[in-house]
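Structure assessment
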Amino acid sequence: MTETHRMISPEDAVYMDNNATTRLAPEVLAAMMPYLQDYYGNPSSMHRFGGQLGRVMAEARQKVATLLGAASEEIVFTSCGTESDSTAILSALQSFPEKRHIVTTRVEHPAVKNLCENLDSLTGHKHRLTRLPVAADGTLDLQKYEESLSDDTAIVSVMWANNETGVIFPIAEMARMARERGILFHTDAVQAVGKIPINLQDIAIDFLSLSGHKLHGPKGIGVLFVRRGTPFVPYLVGGHQEKGRRGGTENVAAIVGLGRACELAAEKMAEENTRVKALRDRLEEGLLASIPHSMLNGHKQDRLPNTTNVSFEFVEGEAILLHMDQYNICASSGSACTSGSLEPSHVLRAMGVPFTAAHGSIRYSLSIYNTEAEIDFVLEKMPPIIAGLREMSPFWKADA
Ligand SMILES: *Cc1c(COP(=O)(O)O)cnc(C)c1O
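Source: prediction; values computed, not measured.

Turning to the overall build of the protein chain, a few remarks are in order. Of the regular secondary structure elements, the protein chain holds 15 helices and 15 strands. With respect to the three principal axes, the spread of C-alpha positions in the protein chain is 70 × 55 × 40 Å. A burial count over the protein chain gives 54% of its 400 residues as buried. A sequence separation of at least 24 residues applies to 74% of the contacts in the protein chain between residues at least 6 apart.

The following block contains the structure:
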């Protein structure tokens, strides 16, 4: 490779951006290899070389179902979390064409947010959108939610856990309130699956989205859980794959990989909620204690075990990330440079995080592959990075 194309090696990366994507687990890669290399058949073929893959996919489907407490026929493989989200919401609108109201929140992932905000142009019908507000700690007001539900509501779409703050919503209760009124309920559980226990047997959810690459599976594979008996209209219309619910030749290797990733997630869930959570807490407490004018974004308890979102006042998130990048520390900022101006994320804006803090927010999202030594390294590097940037910040000088 030439100098300009030199890659940051995975050994050098201090990877704390697992809500963006995760490392493929070595066990998952091993499970996939035979289907990338040798067993390239099409599961729909009449010959056994292809047809035998039907059994392989059935095993993977069962593994996904087991992690969710679902039945395997309720699992539809898609290409990603985004496709699953679109499929659920558009299916509900087509199943109930007379209903034109959608309930969602102000803090959804763009996969739901931008779809809901563009439904009129996509479908050619006028829709009414309720975007539920959140409190300063990122939590929802259930009474406002209940008041928003009406006879005209086609679907509720609320994420299970927020990708930026990790805040968890009371999905079981919200789904029950929708079910009581005969309203379909969809949850984008991309960040929740594998991190917190989910048992769909006990919960009145009709649709649930997940994505392989957020739980140490491959990219390019997702799932939409569709509860038995739920009216359903496919999004990708084509062949009879997935019992006519999603056309397109199956990504067999990725499906096998996702099955293995779900199995591993069940095995590692306890570690995620003990060791990873302890690493997260140590990082968070260390940052807040060693850096003045820093604060946590999001509810301290009702939160994913791997995520912390911390604001460093009077500095720009993108500048912080660039300095962290010098040490190969990988994280995300809640502030993105769009069309030349720095815009705080819609999530932090919805929480009312003050301007000076929202701009300097950093999301650290851990995984089972992080170590204590990495936490110590980040805790050593962050205070001088923030102090150095503040020295150059006109906001800091004016305020300090
Ligand atoms: C990553 C993510 C998605 C999108 O998943 P893709 O598989 O990348 O399309 C949707 N929702 C949430 C909450 C996410 O974190």
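Attention shifts here to the sheet that holds strand 9 (residues 294-296). One open sheet holds the 4 strands; their spatial order is 9-10-15-12, and the pairing between them is antiparallel. Each end of this open sheet is capped by a strand with a single partner; those strands are strand 9 and strand 12 (332-333). Both strand 9 and strand 10 (residues 307-312) contribute to a ladder of 3 bridges, which runs antiparallel. Looking across to strand 10, one finds that Met295 is bridged to Ser311. Packed onto the sheet, helix 11 (residues 317-325) meets strand 10, strand 12 and strand 15 (361-365) and runs at close to 45° relative to strand 15.

Turning our eyes to something else, we now look at the site of the ligand. Near the ligand, the surroundings consist of 13 residues, among which Thr82, Asp188, Gln191, Ser211 and Lys214 are the closest. Residue Gln191 places a side-chain N or O atom 2.7 Å away from an oxygen atom belonging to the ligand. A distance of 2.9 Å is found between an oxygen atom of the ligand and a side-chain nitrogen or oxygen belonging to His213. About the coverage of the ligand: the protein hides 90% of its 380 Å² of free accessible area. For the shell around the ligand, the element with the highest residue contribution is helix 4 (residues 81-95), accounting for 3 residues. Classifying every residue of the shell around the ligand gives 3 nonpolar, 7 polar and 3 charged.

Once that is clear, we can look at the packing of aromatic side chains. The final tally for this structure, using the stated rule, is 4 aromatic pairs. Measuring from ring centre to ring centre gives 5.1 Å for Tyr40 and Phe49, while their planes differ by 65°; the resulting arrangement is edge-to-face. Three or more aromatic residues joined by ring pairs form one cluster here, namely Tyr35, Tyr39, Tyr40 and Phe49. Lying over the aromatic face of Tyr369, Arg23 brings its terminal NZ or CZ to 4.4 Å of the ring centre. It is Lys99 that lies over the ring of Phe96; its NZ or CZ is 5.1 Å from the centre.

Attention now moves to the domain arrangement of the protein chain. For the protein chain, the domain assignment lists domain 1 (14-22 + 269-399) and domain 2 (26-264). When each unit is reduced to the centre of its C-alpha atoms, the spacing between domain 1 and domain 2 is 29 Å. Of the residues lining the interface, 29 residues belong to domain 1; the matching set on domain 2 comes to 33 residues. Remark: the boundary between domain 1 and domain 2 carries 0 salt bridges. In this assembly, domain 1 and domain 2 are joined by 16 residue pairs in polar contact (both at pLDDT 80 or more). Broken down by element, the side of domain 1 that touches domain 2 gets its largest block of residues, 4 residues, from helix 12 (residues 346-350). In the side of domain 1 that touches domain 2, the residues fall into 10 nonpolar, 15 polar and 4 charged.

Before going further, it helps to examine the pairing of strand 7 (residues 207-211). Burial analysis of strand 7 places 5 of its 5 residues in the buried class, which makes it a mostly covered element. Of the two faces of strand 7, the one lined by Phe207, Ser209 and Ser211 and the one lined by Leu208 and Leu210 are each fully buried. Pairing geometry for strand 6 (residues 184-188) and strand 7, over 3 bridges, is parallel. Counterpart to His186 in the pairing with strand 7 is Phe207. Where strand 7 meets strand 8 (residues 222-226), 5 bridges bridge the pair, whose relative direction is antiparallel.

Here we come to the sheet that holds strand 8. The strands that make up a sheet pair up through hydrogen bonds in the backbone, lying either parallel or antiparallel. Spatial ordering of the open sheet is given by 2-8-7-6-5-3-4, a layout of 7 strands whose pairing is mixed. Strands with a single pairing partner mark the edges of an open sheet, and in this sheet they are strand 2 (75-78) and strand 4 (128-132). This sheet shows a mean twist of 20° between the axes of neighbouring strands, independent of strand direction. Here strand 5 (residues 153-157) pairs with strand 6 via 3 bridges, running parallel. Its bridge partner being in strand 6, Ser157 is matched across the sheet by His186. The sheet contacts of helix 3 (residues 53-68) involve strand 2, strand 7 and strand 8, and relative to strand 2 the element is tilted by about 115°. Where helix 5 (residues 110-117) meets the sheet, it contacts strand 3 (101-105), strand 4, strand 5 and strand 6, and its direction lies at approximately 145° from that of strand 4.

It is at 9 Å that the axes of helix 4 and helix 5 come closest, and there the two elements cross at 40°. Here helix 4 is positioned oblique relative to helix 5, judged by the angle of their axes. Helix 4 and helix 5 meet at a crossing whose hand is right-handed. Taking contact as the criterion, the partners of Thr82, Asp85, Ser86, Ile89 and Leu90 in helix 4 are, on helix 5, Ala111, Val112, Leu115 and Cys116. Its residues placed into classes, the contact of helix 4 with helix 5 shows 6 nonpolar, 2 polar and 1 charged.

Residues Tyr39, Tyr40 and Phe49 make up a contiguous nonpolar surface patch of roughly 340 Å² in combined accessible area. Structurally, Tyr40 can be placed in the loop between helix 1 (26-37) and helix 2 (48-51).

Rules and cut-offs
- Residues numbered from 1 in each chain as written.
- Predicted model: local features only at pLDDT ≥ 70, side-chain atom pairs only at ≥ 80, totals over all residues.
- Heavy atoms only, no water.
- Helix = DSSP H or I, 4+ residues; strand = E, 2+ residues; numbered from the N terminus.
- Buried < 20%, exposed > 50% of the residue type's maximum accessible area, 1.4 Å probe, protein only.
- Contact = heavy atoms within 4.5 Å.
- Pairing = 2+ DSSP bridges.
- Axes fitted to C-alpha atoms, helices over the stretch in contact; angles between N-to-C directions.
- Near = heavy atom within 4 Å.
- Polar contact = N/O pair within 3.5 Å; in protein donor to acceptor, adjacent residues only side chain to side chain.
- Areas by Shrake-Rupley, 256 points an atom, 1.4 Å probe, with all protein chains shown as cover.
- Nonpolar A, V, L, I, M, F, W, Y, C, P; charged D, E, K, R; others polar.
- Phe/Tyr/Trp six-rings, centres within 6.5 Å; stacked < 30°, edge-to-face > 60°.
- Lys NZ or Arg CZ within 6 Å of the ring centre and 35° of its normal.
- Domains from an automatic or database assignment.
- Salt bridge = Lys/Arg side-chain N within 4 Å of Asp/Glu carboxyl O.
- Parallel < 35°, antiparallel > 145°, perpendicular 65-115°, else oblique.
- Left-handed = near helix turned anticlockwise from the far one by under 90°.
- Patch = residues over 30% accessible without salt bridge, like charges linked within 9 Å, V, L, I, M, F, W, Y side chains within 5 Å.

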